[in-house]
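Inside the fold
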Amino acid sequence: MQSAFFHRVKAIFQTLYLIMITVLLLLNWFCLDFHDFGVNTVIYTVLVIAFGFKFDFLNAKYFPLLTKRFKYNWLNIVNYPLQTLIFFNLFPYPTEKYANVFKNAGKFLHFTTAAGQFNVWGYVGSFILSLLILFPLIFTITIPKAKSMMQFIVVTIEIIVAYVMYLMLSVNSIMSLFGDLTDPGEIISLLAILLVVTPFVYINLVNQNLPLPQLFGKGKSLTIMTALVLVVLFIGAFCIDSAVWLHPFNAWKAPSIENIVFALRSGIGEELIFRGLILGIGVNALKNYKNGMIKGIIVSSLFFGLMHLVNMVAGDDVMAVISSTIDAIGVGFIFAVLYVLTHKLTLVIAIHCVWDLLQEIITGEGNMSVGGLGGLTIAATVAIIFIAGSIWIMKKYKSQFFKDTSAQS
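Now for a description of the structure that goes with this document. (Residues numbered from 1 in each chain as written. Predicted model: local features only at pLDDT ≥ 70, side-chain atom pairs only at ≥ 80, totals over all residues. Heavy atoms only, no water.)

Overview of the overall build of the chain
Counting its secondary structure elements, the chain contains 16 helices and zero strands. The buried share of the chain, taken over its 409 residues, is 50%. Long-range pairs, those at least 24 residues apart, make up 80% of the contacts in the chain with a sequence separation of at least 6. Surface accessibility of the chain: about 19,400 Å² in total, with carbon and sulfur atoms responsible for 71%. (Helix = DSSP H or I, 4+ residues; strand = E, 2+ residues; numbered from the N terminus. Buried < 20%, exposed > 50% of the residue type's maximum accessible area, 1.4 Å probe, protein only. Contact = heavy atoms within 4.5 Å. Areas by Shrake-Rupley, 256 points an atom, 1.4 Å probe, with all protein chains shown as cover.)

Right, dumping it as structure tokens:
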């Protein structure tokens with residue numbers, strides 16, 4: 001249930017969004033070259049007014065257009081990425097005239113040196129401003145409910161795109177509007193996970209009245225035997241995944257701050273998104289399906305693996321990326337099963353962070369240290385180990401995973 005406090009906070013940020021989107025639209029009209037960008041401006045204005053103004057704090061009796069969700073749920077699902085895309089396209093990337101509005105604001109607030117570089121206050125101030133810009137968006141343009149398998153798959157893709165494209169990068173992009181952000185580093189990405197992704201997950205779960213991820217949940221306690229089996233399984237799979245036989249102990253490197261921050265960023269961010277949010281939405285969407293819990297675990301794990309295909313964009317070796325994807329599907333499966341069983345998000349976050357950090361220490365290249373067919377064989381072996389282990393856990397704790405309320409398939 002949504003608390004009165006949550007309703008008040010949501011109303012404040014949705015009011016700010018209404019003001020902010022109006023200002024951005026006006027800036028587009030007054031600052032852009034109409035001949036070059038006028039058509040875009042007209043289209044964005046129409047789409048925002050017709051589909052983007054959906055505010056819970058307005059009185060539905062007097063503002064029906066601004067408060068109703070679409071009765072046809074697929075429209076809500078399509079509208080979510082549309083409004084997010086429009087929001088970021090209203091920022092001043094196309095023209096210098098528009099960009100100068102933000103650059104001058106950075107100078108006025110003393111964010112930058114005479115050369116346009118951020119000073120210490122500039123980093124802090126622009127980061128705070130980026131949060132003040134993003135929070136109204138997160139509270140207003142929320143993830144729609146999924147009511148079927150196909151809708152769950154589409155919503156999952158939307159969440160992953162939102163995570164990769166704007167939750168991770170938007171802080172850097174918005175900060176760079178106010179000055180020259182030459183080297184944002186991993187620290188800003190980690191802060192974005194903690195202060196943008198975490199609220200994003202919790203706001204959307206509360207908005208859909210779904211259970212919140214618990215740091216120390218009250219799920220099923222593992223027996224000593226189960227815990228020992230899992231320890232052996234994880235150690236064995238890790239040694240295979242890292243190809244420890246190719247990396248002698250004297251070649252291991254001490255972890256750098258960058259390695260630690262990267263491991264924390266990946267572990268916290270990906271577990272919040274995939275186990276905390278996507279799996280929660282999937283279990284709810286498929287609750288009336290036969291073996292809906294299992295189907296939710298499978299879909300979330302598959303997409304956790306497929307997300308790693310974006311590494312191709314960074315220029316990584318194709319075979320190595322495919323191996324990493326297969327590997328991640330197996331890892332995602334065991335993480336999802338552990339989370340459903342224990343309800344402890346900290347458990348899967350801790351395992352994920354330690355796994356990534358140790359691989360950086362041992363291989364220096366994560367789980368892509370072996371290329372070609374050898375890497376593919378390693379990835380397939382690890383995936384099989386984790387999926388087999390997951391099946392064993394689900395059979396051992398049947399009551400936690402097989403809760404059908406309908407025979408729908």
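Next comes the rest of the account.
Concerning the nonpolar core
Counting residues in hydrophobic clusters, the biggest one holds 106 residues, and the most contacted among them are F87, F200, I273, I297, F386, I393 and F401. By residue number, the principal contributor to this core is helix α13 (residues 318-342), which donates eleven residues. Aside from chain neighbours lying at most four places away, what touches I297 is L279, F333, A336, V337, V340 and F401. (Core = buried A, V, L, I, M, F, W, Y, C linked by side-chain atoms within 4.5 Å.)

Describing the environment of S323
Take S323: it is sitting in helix α13. Remark: the alpha-carbon pair of S323 and G375, spanning 52 residues in sequence, is separated by 6.1 Å. Residues in contact with S323, not counting those within four places in the same chain, are G372, G375, L376 and A379. Looking at S323, its side chain comes within polar contact range of the main-chain oxygen of M319, at 2.9 Å. (Polar contact = N/O pair within 3.5 Å; in protein donor to acceptor, adjacent residues only side chain to side chain.)

What to know about the packing of aromatic side chains
Counted according to the given criterion, the structure contains 16 aromatic pairs. Seen from their ring centres, F6 and F139 are 6.0 Å apart, and the 45° between their planes marks the pair as tilted. On the criterion of sequence distance, the pair formed by F6 in helix α1 (residues 4-31) and F139 in helix α6 (residues 120-140) is long-range, its members being 133 residues apart. Note on accessibility: F6 and F139 belong to one class, buried. (Phe/Tyr/Trp six-rings, centres within 6.5 Å; stacked < 30°, edge-to-face > 60°.)

Some words on the side chain of E271
As for its position among the elements, E271 is in helix α11 (residues 257-285). Judged by its relative accessible area of 0%, E271 is buried. One polar contact links E271 to R275, side chain to side chain, over a distance of 2.7 Å. Ignoring any residue separated from it by four or fewer positions in sequence, one finds E271 in contact with S266, G276, F335, L345, V348, I349 and H352.

Let's talk about the packing of α6 against helix α8 (residues 170-177)
It is the contact of α6 with α8, at a shortest axis distance of 9 Å, that shows an interaxial angle of 120°. Relative to α8, α6 is oriented oblique. Judged by the twist between their axes, the crossing of α6 over α8 is right-handed. The segment α6 lies against α8, with Y123, S126, F127, S130, I133 and L134 engaging S170, V171, I174 and M175. The residue makeup of the contact of α6 with α8, split by class, is seven nonpolar, three polar and no charged. (Axes fitted to C-alpha atoms, helices over the stretch in contact; angles between N-to-C directions. Parallel < 35°, antiparallel > 145°, perpendicular 65-115°, else oblique. Left-handed = near helix turned anticlockwise from the far one by under 90°. Nonpolar A, V, L, I, M, F, W, Y, C, P; charged D, E, K, R; others polar.)

Here's the deal with unusual backbone geometry
The phi dihedral of N291 falls on the positive side, at around 55°, and the residue is not glycine. As for its placement among the helices and strands, N291 is situated in the loop between α11 and α12 (292-306). Within the chain, H343 stands out as a residue other than glycine whose phi angle is a positive 60°. Inspection of the secondary structure assignment puts H343 in the loop between α13 and α14 (345-362). Judged by its relative accessible area of 37%, H343 is partly exposed.

Things to note about α11
With 29 residues, α11 extends 40 Å from end C-alpha to end C-alpha; this agrees with the ideal 42 Å at 1.5 Å per step. The sharpest bend along α11 comes to roughly 30°, located at L279. With 21 of its 29 residues buried, α11 lies for the most part within the structure. (Expected span 1.5 Å × (residues − 1). Bend = angle between axes of the 7 residues up to and from the residue.)

Comments concerning a nonpolar patch on the surface
Side chains of F108, L109, V120, W121, V124, I128 and L132 sit close together on the surface and give an oily, nonpolar patch of about 730 Å² of accessible area. With five residues, the single largest contributor to the nonpolar patch is α6. (Patch = residues over 30% accessible without salt bridge, like charges linked within 9 Å, V, L, I, M, F, W, Y side chains within 5 Å. Salt bridge = Lys/Arg side-chain N within 4 Å of Asp/Glu carboxyl O.)

Section: the pattern of salt bridges
Should the charged atoms of two oppositely charged side chains come close, the side chains can pair. In this structure the tally under the stated criterion is one salt bridge. For the salt bridge of E271 with R275, the shortest nitrogen-to-oxygen distance reads 2.7 Å. Here R275 and E271 lie together in helix α11, a separation of four residues that amounts to about one turn.

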